[in-house]
Amino acid sequence: MSKREDIIEPEMAGRARRGLVYSEILGWIDLGHAQGRDIINLLEEMRRGEIYTDPYYDLVYAQSMNMSGFCAGNSIRWKVKKGRSLHERHSIALALMMQVSLQFEGLQVSAPYNWFTDSGFSAEDLVSNLLGFYRVVRPMNYFPHLKLISKAKALERWDYYGAVGVYKNKLFRPLLFPEPTVNKAVTPSYGTLPSFMTAIQPFNNFNKGVVEIERPSSRHDGLAFMYGSKYACR
Amino acid sequence: MMGWHLCMDPNMPVVKVSRKKTLITFITVCIFFIAWLGYAVIPYVFSLDYSYTRRNWVPYTLLTSNEVKNAPGLDDASLIFYDARDGTKPSGFHIRYAGKQNVEVLKKYLISLGYQEVNDPVLGKSWIANSTKEAYINDADEYTILGFLNLK
């Protein structure tokens, strides 16, 4: 749930673990979501799976929200055949992240969770998750390529359009908030992902026995209200 | 005997009423205390993120980790941010000091807590403890930030 006071100077973006910046390419970016911690853990799980003796290994990916003891989230479990190349692993990781992100944001946007947060499908969430993915699998400093605007300019955008959580984005595509001009009405519109954020395609070939879906993500999968009771809240 | 009863009876009800009043007062105080606690705590419990200082008694005393409370240089002007886990965003506390802090002192503090320095491929230098916790120091701006994240 991004707030106006989360907006930081673009020079800080590369090392920041939290904060909000505006990019002319990706729109709002939540730097907390764009850390890629989930992807680091997932790739490590795959690396360990690849050296096990079993011909298949289980992959569990989860997203959740915790509020002082209450936890709700979504998880997914796939069985992966050993022998995946690094590129295939990235493709599988991307598919897992995208599926669970959509389910989790859908959970957040529904009652009763939307009574407490406007974070569900907030304009910046999915695209920030995607940036986090690429920061891990293709490590480089992306921010110079994303045309971040100054904090003062970003605050102007926020003040003109209002809270970013009001705008819902259900796509892994940038939702852009054009610079307000004096005589012309401007409205948010979808942009296009830069080529360096489309280099990997999410895995979708389930017919060759490479990946078996053990437990698909759904509205209620992994939903839990107490610590440690389901995958999503482990 | 009659005289004895006449002498004792007027006192007995007084004692009973007094105990009843005490009990009612105690229950009322408890209800008000629980209601106040709920009123004061619930906004934090059902929030995905919030910020406060040491002067905010409820979040500082009840909800802040000892790592944050004992951080060097933490004063009433320091702002503490809490982020709950929200999808891919890990939960954690972040201290934004009012100005610059001695980074070496902060590093020694993290090492004393059992953190080990690592080089994060995405975010640069950080400190890891038990593969489950990460700390970081950001000194690039006009104020220093010390953060603690839960990675699991």
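Below, the structure is looked at part by part. Just so we're clear, the structure is a prediction, and the values are computed from it rather than from any experiment.

The next thing to look at is the overall build of chain A. Within chain A one finds four helices and seven strands. N-terminal to C-terminal, the α/β element order of chain A is β-β-α-β-β-α-α-α-β-β-β. The globule rule puts the C-alpha radius of gyration for 234 residues at 17 Å, and the 18 Å found for chain A is close to it. Each principal axis of the C-alpha atoms in chain A carries an extent, and together these give about 65 × 40 × 30 Å. Across the 234 residues that make up chain A, the buried fraction comes to 43%. Sequence-distant contacts in chain A: of pairs separated by 6 or more residues, those separated by 24 or more amount to 67%.

Looking only at helices and strands, chain B features five helices and eight strands. In chain B, the order of α-helices and β-strands from amino to carboxyl end is α-α-β-α-α-β-β-β-α-β-β-β-β. Classification of the 152 residues of chain B by burial places 25% in the buried group. Long-range contacts, defined here as pairs at least 24 residues apart, represent 45% of the contacts in chain B between residues at least 6 apart.

Moving on: the interface of chain A and chain B. Facing 29 residues of chain A, the contacting portion of chain B comprises 27 residues. Across the side of chain A that touches chain B, the residue classes tally to nine nonpolar, 13 polar and seven charged. Where strand β3 (residues 56-67) of chain A meets strand β3 (residues 86-87) of chain B, two bridges bridge the pair, whose relative direction is antiparallel. Among the inter-strand pairings, Met65 of chain A is bridged to a residue of β3 of chain B, identified as Asp86 of chain B.

A few words now on the pairing of strand β2 (residues 79-83) of chain B. Residue and element names in this part refer to chain B. Sheet analysis places strand β1 (residues 49-52) next to β2, joined by four bridges and oriented antiparallel. Across the sheet, residue Tyr50 finds its bridge partner in β2, namely Tyr82. Across five bridges, β2 lies against strand β4 (residues 91-96) in antiparallel orientation. From the neighbouring strand, Ile80 faces β4, where its bridge partner is Ile95.

Counting 56 residues, the largest nonpolar core has Val21, Tyr61, Leu96, Met97, Leu131 and Phe133 of chain A as the members making the most contacts within it. Among the elements that take part in this core, helix α2 (residues 86-108) of chain A stands out by supplying nine residues, more than any other. When near neighbours in sequence (up to four residues on either side) are disregarded, Val21 of chain A contacts Ile8, Pro10, Ala13, Ile29, Leu31, Leu148 and Ala154 of chain A. Val68, Tyr82, Phe93 and Leu110 of chain B belong to the second-largest nonpolar core, a separate cluster that totals 17 residues.

Another aspect to go through is the sheet that holds β3 of chain B. Strand order in this open sheet of four strands is β7(A)-β4(A)-β3(A)-β3(B), and the pairing throughout is antiparallel. The open sheet is flanked by β7 (211-215) of chain A together with β3 of chain B, the only strands paired with a single partner.

Time to look at the packing of α2 of chain A against helix α3 (residues 125-137) of chain A. Pairs of packed helices are described in terms of their axes, by the angle between the two and the distance that separates them. All names here are of chain A. Where α2 meets α3, the axes come as close as 11 Å, and the angle between the chain directions of the two elements is 160 degrees. By the criterion of interaxial angle, the relationship of α2 to α3 is roughly antiparallel. Read as a crossing pair, α2 and α3 show a hand that is right-handed. Contacts between α2 and α3 involve His90, Leu94, Met97, Ser101 and Glu105 from the former and Asp125, Leu126, Asn129, Phe133 and Val137 from the latter. Taken together, the residues of the contact of α2 with α3 sort by class into five nonpolar, three polar and two charged.

A few words on α3 of chain A. Here α3 of chain A is 13 residues long and its end C-alpha atoms lie 19 Å apart, about the 18 Å a rise of 1.5 Å per residue gives. In terms of burial, α3 of chain A is largely enclosed, as 13 of its 13 residues are buried.

Take the sheet that holds strand β6 (residues 124-129) of chain B next. Residues and elements named next belong to chain B. Sheet architecture is open: seven strands sit in the order β1-β2-β4-β8-β7-β6-β5, paired in antiparallel fashion. What marks the edges here is a single partner per strand, and that holds for β1 and β5 (116-120). The average angle at which neighbouring strand axes cross in this sheet is 20 degrees, direction not considered. Sheet analysis places β5 next to β6, joined by five bridges and oriented antiparallel. Residue pairing across strands places Glu117 opposite Trp127, the latter belonging to β6.

Right, let's get into the environment of Met46 of chain A. Residue and element names in this part refer to chain A. Along the polypeptide, Met46 turns up in helix α1 (residues 37-51). Overall, Met46 belongs to the buried group, with 20 C-beta atoms counted inside 10 Å. Sequence separation between Met46 and Ser110 is 64 residues; the distance between their C-alpha atoms is 32 Å. Sequence-distant contacts of Met46, that is, excluding residues within four places in its chain, are made with Leu59 and Arg89.

Attention now moves to the environment of Arg4 of chain A. Locating Arg4 of chain A in the fold gives a position in the segment before β1 (20-23). On the basis of neighbour counts, which here come to 13 C-beta atoms within 10 Å, the residue Arg4 of chain A falls in the partly exposed class.

Outside of glycine, negative phi angles account for most residues, and trans bonds account for most peptide bonds. Residues and elements named next belong to chain A. Backbone geometry at Phe121 places phi at a positive 55 degrees, although glycine is not the residue there. By the secondary structure assignment, Phe121 is in the loop between α2 and α3. For Phe121, a count of 20 C-beta atoms within 10 Å gives the class buried. Phi at Lys147 takes a positive value of approximately 50 degrees, unusual for a residue other than glycine. Within the secondary structure, Lys147 is located in the loop between α3 and α4 (151-161).

Thresholds applied
- Residues numbered from 1 in each chain as written.
- Chains lettered and ligands numbered in written order.
- Predicted model: local features only at pLDDT ≥ 70, side-chain atom pairs only at ≥ 80, totals over all residues.
- Helix = DSSP H or I, 4+ residues; strand = E, 2+ residues; numbered from the N terminus.
- Rg over C-alpha atoms; globule rule 2.2 N^0.38 Å.
- Buried ≥ 20, exposed ≤ 12 C-beta atoms within 10 Å, placed from the backbone.
- Contact = placed C-beta atoms within 7 Å.
- Nonpolar A, V, L, I, M, F, W, Y, C, P; charged D, E, K, R; others polar.
- Pairing = 2+ DSSP bridges.
- Core = buried A, V, L, I, M, F, W, Y, C linked by C-beta atoms within 7 Å.
- Axes fitted to C-alpha atoms, helices over the stretch in contact; angles between N-to-C directions.
- Parallel < 35°, antiparallel > 145°, perpendicular 65-115°, else oblique.
- Left-handed = near helix turned anticlockwise from the far one by under 90°.
- Expected span 1.5 Å × (residues − 1).

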